[in-house]
Amino acid sequence: MEAVGQATAFTAPARARRRPRLTSEAISWLQVGPLAFILIVFFALPTVLFLVVSFFDYDRTGIYPAFMLDNYREVLTTPATLRIYVSSLKFAFIVWAITLLLGFSIAHFLVFHVRSAAVRTVLFLLCAIPFWTSGIIRTIAWIPFLGRNGAFNQALIDLHLIDQPLEFLLFSPFAVCVTYVHLFTLLMIGPIANSLAKIDPALLEAARDAGASRWRTMVDVVIPLSKTGIALGSILVFTQVMGDFFVVKQMSGGQSASIVSALATEIQAMQYPPAAASAMLLVLFVAIMVAGMMRVVDVRKELVR
Amino acid sequence: MDSNGFRPEHRFDVELVAVTKRYGGTVAVDGVSLRIPRATYCCLLGPSGCGKTSTLRMIAGHEVISEGDVLIHDVNVTDLPPVQRGTAMMFQSYALFPHLNCLDNVAFSLKARGVPKPERHRRARDYLARVHLQDYAERLPGQLSGGQQQRVALARALITEPRILLLDEPLSALDPFLRGQVREELKRLQRELGITFIHVTHSQDEAMALADLMVIMEAGRIRQAGPPREIFERPADAFVARFIGGHNILRDGAGTIAVRADRCRLGIPEAGPHIRGRVAAVEYQGSSVRVALAVDGGPPLSVVMPDDRFFAGPVQPGEEAALTWSTRDAHALPDPA
């Protein structure tokens, strides 16, 4: 007890001379604060607002506070809901598969095949710079290219490969997929390149030393070690496609509807409560899908084959 | 251990014929020729950047050979991939697959060769048992200590029954106590397997302790190759003498000579050759004592003597002293150009 007292007496003057400092707890709050503020004000509060409104009553002239489940009942029982979910999921799956293949190949090339750091940076920039323009412009840019009298059809006709312009190129599910792939491949490249770059090149040599073919090395070493990047990229692409409104509207020529475009129609008709209900349904659906994907990756990590 | 019984007996396990490695404009390995007899523990020794690792990697097939040939068991393997060379490499950082457990790490090369799962797991368990890690089969590499990881890497390399085992600084990541233990283990394994080990190191002690054939490299060339005792007793030049240590590089009437520090003495210069200096430091090393001597206008010298002789007539730092040697112990070195 005495020893402690002495020690305190000895260190106390040293403490007093120090400038007042923030406690580590206060520093943590300061660090978390700005992002927490943005997330709460611009994300959490609006979501809560939607949740509240989704239970409200409405008619042609306004919305009325209430607590009723009719909006949800309506969304869940309309055959249209199932149809647009299936259609969106179909797009999401096709686009996911293509962007995964493309994104993985490009990331693999950038990380393992490009030796010079300068060339790699230039190539990364070439991938990224187009994304500094708006997605809307990049979507619309496909129209003069894929149109009936567009550049692509014209080129095929000039080359005498076809007589008639191809009709399926624009305002079709094909056009929607092309645009999605163009817009979202970078979202795959980024996370996958990041996880590939963390693979020790000695591991690839060790695999080669053990006699593994390129294919075996890919399947047994590279892909397992990049699965977090793959999962992250997949989540980004999936959520983007499920939440899309503009691309389907512009590129499908009215042949396809997306979840959000159906929702937009309701908003234009001033039917806020049912729109809020379908928005909540979409949020829940995407959250469950994402949770499922994270589970697949984490479970594998824990089980450690 | 030769898996090709029909081939006539080969004399050398590995032959390098004027092997050169260039990276762009720089020459990492410059026309190296070396013959490694059967079942040899060969150490490639040299300062960092001397080309020893590049040489090892060219033998392994992980580095394209710019010029020259590599022969293994009399077969020119210059353009063959590692698996067709019959080599196995143990990497400096071990390069264990972090997502596979020890058993699958060891079984990896068998999987690559299409060995069915039960068979490859059985053999992998055998090899894990050989390195005393049978109880760690299900662990991930990240859950093992450095020494255990190294043993897994060793088992993974040996399971292919290689003709040549290549080791890239295998002991550098271990603590000194473990290093000694593993050193013994490696030598024992090499004797038991009766194959050639090629071991890259920058530690003289390690090379002296292990090697049947010690190869000293500098600036992409071999300075001297031979049994450690031969190199220690008759270093080819001043670089080798300095690098392996334990020598004083001196000048006498005829030219440059090397004299082993343990053959030099401190004392009163008589008729014999001597050099005067000042005691710079005294290091007690247990059974021996090393006295460092500063000489005006020359490199520092040292005398290593048994402890009893030192304590019979101890010296203190700062005292004047003279280093004497007998001409019998002088080993002439070529004069540096």
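As the structure is a computational prediction, the values presented were derived from the model and not from experiment.

Would you take a moment to explain the overall build of chain B for this structure?
Looking only at helices and strands, chain B has 10 helices and 18 strands in total. For chain B, the spread of C-alpha atoms along the three principal axes comes to 75 × 45 × 40 Å. Of all 337 residues assigned to chain B, the portion counted as buried reaches 39%. Considering only intrachain contacts with a sequence separation of at least 6, the fraction spanning at least 24 residues in chain B is 63%.

It is not clear to me how the overall build of chain A should be interpreted in this structure. Could you clarify?
The number of helices and strands found in chain A is 15 helices and 2 strands. Taken over the C-alpha trace, chain A has a radius of gyration of 27 Å; the compact-globule value for 305 residues is 19 Å, which it surpasses by more than 25%. In terms of its C-alpha atoms, chain A occupies a principal-axis envelope of roughly 100 × 70 × 40 Å. Counting across all 305 residues of chain A, residues that qualify as buried make up 27%. Residue pairs at least 24 apart in sequence account for 70% of intrachain contacts in chain A once pairs closer than 6 positions are excluded.

Would you explain the interface of chain B and chain A in this entry?
Many structure descriptions define interface size as the accessible area lost when the parts assemble. Of the residues lining the interface, 17 residues belong to chain B; the matching set on chain A comes to 15 residues. Only helix 2 (82-85), strand 6 (87-90) and helix 3 (102-112) of chain B provide two or more residues apiece to the side of chain B that touches chain A. Here the side of chain B that touches chain A is built from residues that sort into 11 nonpolar, 5 polar and 1 charged.

Looking at this structure, I do not really get the nonpolar core. What am I missing?
One broad rule of soluble globular proteins: the nonpolar side chains tend to lie buried together. Formed by 95 residues in total, the largest nonpolar core has its most connected members in Val106, Leu166 and Val215 of chain B. In terms of residue count, helix 3 of chain B provides more of this core than any other element does, 7 residues in total. Counting residues domain by domain, this core receives three or more from each of domain 1 (12-233) and domain 2 (263-332) of chain B. Those residues within four positions of Val106 of chain B in sequence are excluded, and the remaining contacts are Ala124, Tyr127, Leu128, Val152, Ala155, Arg156 and Ile159 of chain B. The next biggest cluster of nonpolar side chains, apart from the first, holds 47 residues, and it includes Val111, Tyr180, Ala231 and Ile235 of chain A.

Explanation requested: the domain arrangement of chain B in the structure shown.
Taken domain by domain, chain B holds domain 1 (12-233) and domain 2 (263-332). The gap between the C-alpha centroids of domain 1 of chain B and domain 2 of chain B is 40 Å.

For this particular structure, what's the right way to read the environment of Phe131 of chain A?
On the secondary structure map, Phe131 of chain A appears in the loop between helix 5 (117-128) and helix 6 (135-140). Along the sequence, Phe131 of chain A and Leu282 of chain A sit 151 residues apart, while their C-alpha atoms lie 26 Å from each other.

In this structure, what is going on with the environment of Gly147 of chain B? I would like to understand it.
Residues and elements named next belong to chain B. Tracing the backbone shows Gly147 in helix 5 (residues 146-158). Note: C-alpha distance between Gly147 and Ala173 (26 residues apart in sequence) is 8.6 Å. Gly147 has contacts with Leu174, Leu178 and Val182, leaving out every residue within four places of it along the chain.

Would you mind going over the UniProt feature "transmembrane region" (unreviewed entry) in chain A with me for this structure?
UniProt feature "transmembrane region" (unreviewed entry): in the numbering of this structure it lies at residues 27-56, 91-111, 123-146, 166-189, 221-242 and 275-297 of chain A. Strand forms 0% of residues 91-111 of chain A and helix 100%; the C-alpha atoms that close the span are 29 Å apart.

In this structure, what is going on with the sheet that holds strand 17 (residues 320-324) of chain B? I would like to understand it.
For sheets, the rule is that strands pair by backbone hydrogen bonds, running either parallel or antiparallel. All names here are of chain B. Strand order in the open sheet formed by 5 strands is 13-17-14-15-16, and the pairing between neighbours is antiparallel. Strands at the two margins of the open sheet, each flanked by one partner only, are strand 13 (265-266) and strand 16 (301-306). Bridge count between strand 15 (residues 288-294) and strand 16: 6 bridges; the pairing is antiparallel. Directly across from Ala292, in strand 16, lies its bridge partner Ser302.

Teacher, can you tell me more about the environment of Ile189 of chain A here?
All names here are of chain A. With respect to the secondary-structure elements, Ile189 resides in helix 9 (residues 173-197). For Ile189, a count of 25 C-beta atoms within 10 Å translates into the label buried. Setting aside chain neighbours within four positions, we find Ile189 in contact with Gly103, Ile106, Ala107 and Cys127.

Which parts of the structure should I look at to understand the sheet that holds strand 18 (residues 331-332) of chain B?
Residues and elements named next belong to chain B. Here 3 strands make up an open sheet; going across it, the order is 11-12-18 and the pairing antiparallel. The outermost strands of the open sheet, each flanked by one partner alone, are strand 11 (247-252) and strand 18. The pairing of strand 12 (residues 255-260) with strand 18 spans 2 bridges and is antiparallel. Considered in strand 18, the bridge of Ala258 is made with His331.

The rules behind these values
Residues numbered from 1 in each chain as written. Chains lettered and ligands numbered in written order. Predicted model: local features only at pLDDT ≥ 70, side-chain atom pairs only at ≥ 80, totals over all residues. Helix = DSSP H or I, 4+ residues; strand = E, 2+ residues; numbered from the N terminus. Buried ≥ 20, exposed ≤ 12 C-beta atoms within 10 Å, placed from the backbone. Contact = placed C-beta atoms within 7 Å. Rg over C-alpha atoms; globule rule 2.2 N^0.38 Å. Nonpolar A, V, L, I, M, F, W, Y, C, P; charged D, E, K, R; others polar. Core = buried A, V, L, I, M, F, W, Y, C linked by C-beta atoms within 7 Å. Domains from an automatic or database assignment. UniProt positions renumbered as here; feature names shortened; annotations may be inferred. Pairing = 2+ DSSP bridges.

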